[in-house]
Amino acid sequence: MNKHAVHQLVLEKLSVDLDIAQRAAQTAYETATHEENIAENKYDTLGLEASYLAAGQAKRVEEIKQSLALCQNMALRAYDDQRGIEIGALLGLDDENGRQQWLFLAPDAAGLKVDVVGQPVTVITPRSPLGNSLLGKFEGDEVEILVAGARQLFTVTEAK
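Below you will find a few notes about this structure. As a convention, each chain's residues are numbered from 1 in the sequence order in which they are written. Since the coordinates come from a predicted model, pLDDT governs what is reported: local features require at least 70, and pairs of side-chain atoms require 80 or more to be given and counted, while whole-chain, interface and lining totals use all residues. Note that water and hydrogens are dropped before the side-chain values are worked out from all heavy atoms of the structure.

## A closer look at the sheet that holds strand E6 (residues 150–159)
The condition that has to hold: A pair of strands counts as paired when DSSP detects no fewer than two bridges linking them. Numbering of helices and strands runs from the N terminus, with a helix taken as a DSSP run of H or I at least four residues long and a strand as a DSSP run of E at least two residues long. Axis definition: a line fitted to C-alpha atoms, limited for helices to the stretch in contact. Angles are taken between N-to-C directions and run from 0 to 180 degrees. Residue contacts are defined here by distance: any two heavy atoms, one from each residue, within 4.5 Å place the two residues in contact.
Ordered in space as E3-E4-E2-E1-E6-E5, the 6 strands form an open sheet in which the pairing is mixed. What marks the edges here is a single partner per strand, and that holds for strand E3 (113–116) and strand E5 (142–147). If you compare each strand with its neighbour and ignore which way they point, the axes differ by 40° on average. Bridge analysis of strand E1 (residues 90–95) against E6 gives 5 bridges, and the strand direction is antiparallel. Bridged to aspartate 94 within E6 is threonine 155. Along the sheet, helix H1 (residues 3–33) makes contact with E1, strand E2 (100–105), E3 and strand E4 (119–124), crossing E3 at roughly 135°.

## Describing the pattern of salt bridges
Stated precisely, the cut-off is as follows: The salt bridge definition used is simple: a Lys or Arg side-chain nitrogen within 4 Å of an Asp or Glu carboxyl oxygen. Relative accessibility decides the category of a residue: with a 1.4 Å probe and only protein chains considered, values under 20% of the type maximum give buried, values over 50% give exposed, and everything between is partly exposed.
Under the definition given, this model contains 12 salt bridges. With its nearest N and O atoms 2.9 Å apart, the salt bridge here joins aspartate 95 to arginine 99. The exposure class of aspartate 95 is buried, given its relative accessible area of 17%. Between lysine 160 and glutamate 158 there is a salt bridge, with its nearest N and O atoms 3.8 Å apart.

Following this line, the structure appears as structure tokens:
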């Protein structure tokens, strides 16, 4: 698996998400400001509700723009077995049951999923318990995190 290809897929997905969010924000704004949606009485709240939606959509647009900018400016360095895992790493992890998953450690866009030749790759950030625990680790290291009081153990099988 090539981390430059994964990085490119993440940027493309964020660009598509940004376009969708911008169109949704514009639609919500147009609904909120349309003359037919001016309140005629205190129970007529369509315009008010649309304005709340427009504000939320505008905030989402800004969040995606920030994620996109941070991911575009992220330096992709080859895995260094002296420094260990850092932002920009593509990781293969096995859980306690031997299930493998692929993760891409990025500065933002947590939870974003991309598909690389049928293999799902999930973006995580250092702000997550797993992402934070992985920083500085090496291939073969084990990482333990607590999620909702339950212990989860992972082994780093590959780092790129």
